[in-house]
Number of protein chains: 2
Amino acid sequence: MPVKTTATGKPLDAATLRELRAIVGAEHVRHADGDVTPYARDATPLFRARPGAVVHPASTEEVAAVLKLAAARGVPVVPRGAGSNLCSATVPLEGGIVLVLTRLDRVLEISAEELLAVCQPGVTSAALADAAAAHGLLYAPDPGSRSVATIGGTVATCAGGLRGLKYGVTRNYVLGLEAVLGTGEVVRTGGRLWKDVAGYDLTRLLTGSEGTLGVITEVTLALLPAPESAGNGLAYFPTLADAGRAVTRVIAAGIVPATLEFLDARCVDAVERHARLGLRSDAGALLIFGDDGEPAAVAHRLDRMAGLCRDTGAIEVSVAGHAAESEALLAARRCTLPALSRLGTITILEDVGVPRPRIAEMVGHIEDIAERHDVTIATFGHAGDGNLHPTCVIDKGDDEAAERAHRAFGEIFRTAMRLGGTITGEHGVGAAKLPYLTERLGAAQVELQRRIKAAFDPAGILNPGKAGS
Amino acid sequence: MPVKTTATGKPLDAATLRELRAIVGAEHVRHADGDVTPYARDATPLFRARPGAVVHPASTEEVAAVLKLAAARGVPVVPRGAGSNLCSATVPLEGGIVLVLTRLDRVLEISAEELLAVCQPGVTSAALADAAAAHGLLYAPDPGSRSVATIGGTVATCAGGLRGLKYGVTRNYVLGLEAVLGTGEVVRTGGRLWKDVAGYDLTRLLTGSEGTLGVITEVTLALLPAPESAGNGLAYFPTLADAGRAVTRVIAAGIVPATLEFLDARCVDAVERHARLGLRSDAGALLIFGDDGEPAAVAHRLDRMAGLCRDTGAIEVSVAGHAAESEALLAARRCTLPALSRLGTITILEDVGVPRPRIAEMVGHIEDIAERHDVTIATFGHAGDGNLHPTCVIDKGDDEAAERAHRAFGEIFRTAMRLGGTITGEHGVGAAKLPYLTERLGAAQVELQRRIKAAFDPAGILNPGKAGS
């Protein structure tokens, strides 16, 4: 489909702007075209909508006051961090206020004794991980966008990353939240404890709610002791099905490794053209495996995984001998998206999930679907947890190609569901996946979500047109 | 307080009973005194309420039909598994139907390839763990009641157990649920995937909702490869504060062990009188530490933990040389509750949480409070995750002692909150903790929970008088 620009973003009235300025300070309310246009989109191509104003609050109290005002006036509010969202969850479809939380950027506490961090939502995922690392601790979730993505955004989307199978996703690390409801009320859910069952699990409900239930203003996150060592290996296979069989054997051997990433042949080719890493061009798939922990145990598991890859018909297997070499092996995975992006001017990075044993089958279907719709789709992803990123590159202005890609992805989502999978593993629903949500969840559950949304946000001001709508 | 018996449990009318019989079969609807009296209570002392009928459905369809009928008639429904609940969450405070799910007792699937299990809610936690173990897999949550507690009940309470710090609690393992809402509608949340962010996280919201939002009819659970080996050690300390310092040093050393259990001196004394395990009588606290994983790594971590205990002033430290000895070390922990129970006729097993570094301080407060209220309270618990079980034993019919214990526990809950902790770590809110919930969560959040409850159960039939009420 062509770029979807909604026309609603009419300017806010003067009285509302005046009150917003009184709450956050005049310099933190912008409504001129040049100031608000960058907030008409996020990292999702094809969706745009101009906000009426962009507001930068600096405290929970300011967020609460903005939401009270917005609820009273019926003005939509779209919370936003870095705008690296990939499902247009932060595009202000119905105009109103984009509430940018990047001024709330302090790490409030790192406790090595309690293995936790407390931070504001505007801290980047990488900054939080670095602050933890300085105390010898690991913040396990590692979304690809970690250098820019804010913690608030990663919590709001329940971001995943490369270590999902062994370490879980963001929800597994959120211990407590402070959030402002659509009413302007402030709630504190959970706390500092691993075990706490006092009341419904609103911590996890807010996690992944994509700004439709509340605005997250403080986050308490579980940390782990940093692993002593980490290592990676790499295996080329004749086909993706062979790589899938190797993954099955690794799991069957009782190994749950930190890293199990795959690239299909198109991705390997694009990476090699882009980065000249010396990757083989004759393989059907590349599998990167890795683990962390005590050095001897890591070495043992890497050897076992390498052996299992060889036993499953790998063309070539190598295990990094030292840390720098290990990092180099990950480079292929890390530059997959930039490499694919160079093939066109618009990159549609998608996100589906299937049960792990069906990955190769799913990629086969993706290839068929792409061919039938005359688009090129390359697929890479997380073989450990079945999360695939089929990626289509088209040219700006080629509306027909955009429309063909749109139809191809519709088929891909339905195929993932048919294989027992899901329409989004880690990016979220946003506006992009909303048309498929009823098919995934059923009408009764979608209705239930609407009622839950109304419980948090009776005026319906929080991120309208997304989940819960 | 004396036994709280509510008087509401009036018989259901003849028409309702007739319809219930038509749904589940006449032999699965009971309403005679002798049949329903056992369902007037669960494992929580001091709370009783007679249900109008006890219904044993055998399928999701039957559960849905019962709930539709109950919603139409305004009849309360209290879902129940084994009744091992410890916060009176399954006591039918307002009468109506106790819906017993133990006929839904099939393990539907164990997949070593996908590392998951699918089962009905009436399977016991131990049976599920055994079924997983037969495939070389671990179901990690291990509540103390696992031999009788049903999976449905452990999901409904988000049960914890002895391995919380390393392995997390039940919510970390629930991948998907089928549940019947208070409307009789059936929803399927989540699925078979580790990463799935399609829609609000209703899987986690239902987990721990204590039968107030829906009746769980099928559960998909994540499994892990069974660890190759496990071992335990034991350390006596002069005081509980010394044991607490040892725990802090273990964590600071980057070790997150599977087991870190403590017993205070009263518990050690009761266990020794009961079981004659040869425990020392001159220590202020006993710490049991243990871990699992690759044999060499486990041995290394046990040695390090033993050394850290010695460095922190332990009177005596021992590490089990083999599996049988290791199991014997856990015997002291396992028989703590039965040992304490022998000291009276009613055992009030409580459940609070505090940040790990404040455990010793909390136990000191518990001792002061017990002394002030003239009751004996012994405390044991999970030092790794700060979850404490202060336990008071009184005699049946001693209403004054019950009242003193009630007041003492009120103070204990408030003290836990003051130290940054919670009123329940793993048992739940039920009727027993409901009076303290507003103090824990704040009025705005309690109101929000009521609105969420109404979204799932607009007729208010599901477990009334508990969370969400």
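Residues numbered from 1 in each chain as written. Chains lettered and ligands numbered in written order. Predicted model: local features only at pLDDT ≥ 70, side-chain atom pairs only at ≥ 80, totals over all residues. Heavy atoms only, no water.

- Per an unreviewed UniProt entry, chain A goes by FAD-binding protein and derives from Nonomuraea rhodomycinica.
- Word for word, the UniProt comment on chain A under Sequence similarities (unreviewed entry) is "Belongs to the FAD-binding oxidoreductase/transferase type 4 family."
- We quote the UniProt Cofactor (unreviewed entry) comment for chain A here in full: "FAD". (UniProt positions renumbered as here; feature names shortened; annotations may be inferred.)

## So, the sheet that holds strand 12 (residues 214-222) of chain B
Residue and element names in this part refer to chain B.
Alright, step 1. Within the open sheet, the five strands sit side by side as 7-8-12-10-11. Their pairing is antiparallel. Each edge of the open sheet carries a strand with a single partner, namely strand 7 (107-111) and strand 11 (186-190). Ignoring which end each strand starts from, the neighbouring axes of this sheet average 15° apart.
Alright, step 2. Bridging between strand 8 (residues 116-119) and strand 12 involves four bridges; their strand directions are antiparallel. When the bridges of strand 12 are listed, Leu 116 appears paired with Ala 222.
Alright, step 3. Seen against the sheet, helix 3 (residues 60-73) touches strand 10 (174-181), strand 11 and strand 12 and runs at an angle of roughly 45° to strand 10. (Pairing = 2+ DSSP bridges. Helix = DSSP H or I, 4+ residues; strand = E, 2+ residues; numbered from the N terminus. Axes fitted to C-alpha atoms, helices over the stretch in contact; angles between N-to-C directions. Contact = heavy atoms within 4.5 Å.)

## A look at the pattern of salt bridges
Residues and elements named next belong to chain A.
Alright, step 1. As enumerated under the stated definition, the model contains 60 salt bridges over all chains in all.
Alright, step 2. Two residues, Arg 50 and Asp 33, come together in a salt bridge whose shortest N-O distance is 2.6 Å. Here Asp 33 lies in helix 2 (residues 33-36) and Arg 50 lies in the loop between strand 3 (47-49) and strand 4 (53-55), a separation of 17 residues in the sequence.
Alright, step 3. Its relative accessible area of 24% is what places Arg 50 among the partly exposed residues. (Salt bridge = Lys/Arg side-chain N within 4 Å of Asp/Glu carboxyl O. Buried < 20%, exposed > 50% of the residue type's maximum accessible area, 1.4 Å probe, protein only.)

## Topic: the side chain of His 427 of chain A
Alright, step 1. Relative to the helices and strands, His 427 of chain A resides in the loop between helix 14 (399-418) and helix 15 (434-441).
Alright, step 2. Other than its neighbours up to four places away in sequence, His 427 of chain A contacts Asn 85, Leu 86, Cys 87, Thr 157, Leu 349, Glu 350, Asp 351 and His 389 of chain A together with Val 197 of chain B.

## Details of the pairing of strand 16 (residues 285-293) of chain B
All names here are of chain B.
Alright, step 1. In terms of burial, strand 16 is a largely internal element, nine of the nine residues being buried.
Alright, step 2. Here strand 16 shows no split at all, with Ala 285, Leu 287, Phe 289, Asp 291 and Gly 293 on one side and Leu 286, Ile 288, Gly 290 and Asp 292 on the other all buried.
Alright, step 3. Where strand 14 (residues 229-237) meets strand 16, nine bridges bridge the pair, whose relative direction is antiparallel. Following the sheet pairing, Ser 229 is matched in strand 16 by Gly 293.
Alright, step 4. Pairing analysis gives six bridges linking strand 15 (residues 259-264) to strand 16, with the strands arranged antiparallel. Following the sheet pairing, Leu 263 is matched in strand 16 by Leu 286.

## Description of the interface of chain B and chain A
Alright, step 1. Every contact between the two is made by 77 residues of chain B and, on the other side, 77 residues of chain A.
Alright, step 2. When the two sides are added together, the surface that chain B and chain A hide from each other amounts to roughly 6,400 Å², 60% of it contributed by carbon and sulfur.
Alright, step 3. Among the residues of chain B in contact with chain A, Lys 195, Val 197 and Tyr 200 of chain B are the three that bury the most area, contributing 16% of the side total.
Alright, step 4. Where chain B meets chain A, there are ten salt bridges.
Alright, step 5. In this structure, the salt-bridge partner of Arg 440 of chain A is Asp 196 of chain B, at a minimum N-O distance of 2.6 Å.
Alright, step 6. Taken together, the connections running from chain B to chain A amount to 36 residue pairs in polar contact (both at pLDDT 80 or more).
Alright, step 7. Contributing elements (two or more residues each) for the side of chain B that touches chain A: helix 6 (164-167), strand 11, helix 7 (202-206), helix 8 (240-252), helix 10 (295-311), helix 15 (434-441) and helix 16 (443-456) of chain B. (Buried area = accessible area lost by both parts, 1.4 Å probe. Polar contact = N/O pair within 3.5 Å; in protein donor to acceptor, adjacent residues only side chain to side chain.)

## Observations concerning the relation of the copies chain B and chain A
Relating one copy of the chain to the other takes a rotation about an axis and a shift parallel to that axis.
Alright, step 1. Turning chain B through 180° and shifting it by 0.0 Å along the axis lays it on chain A, with an RMSD of 0.0 Å. On this basis, the relationship between the two copies can be described by a two-fold rotation axis.
Alright, step 2. Interface residue correspondence from chain B to chain A reaches 99%, placing this contact among same-surface, isologous pairings. (Least-squares fit on C-alpha atoms with pLDDT ≥ 70 in both.)

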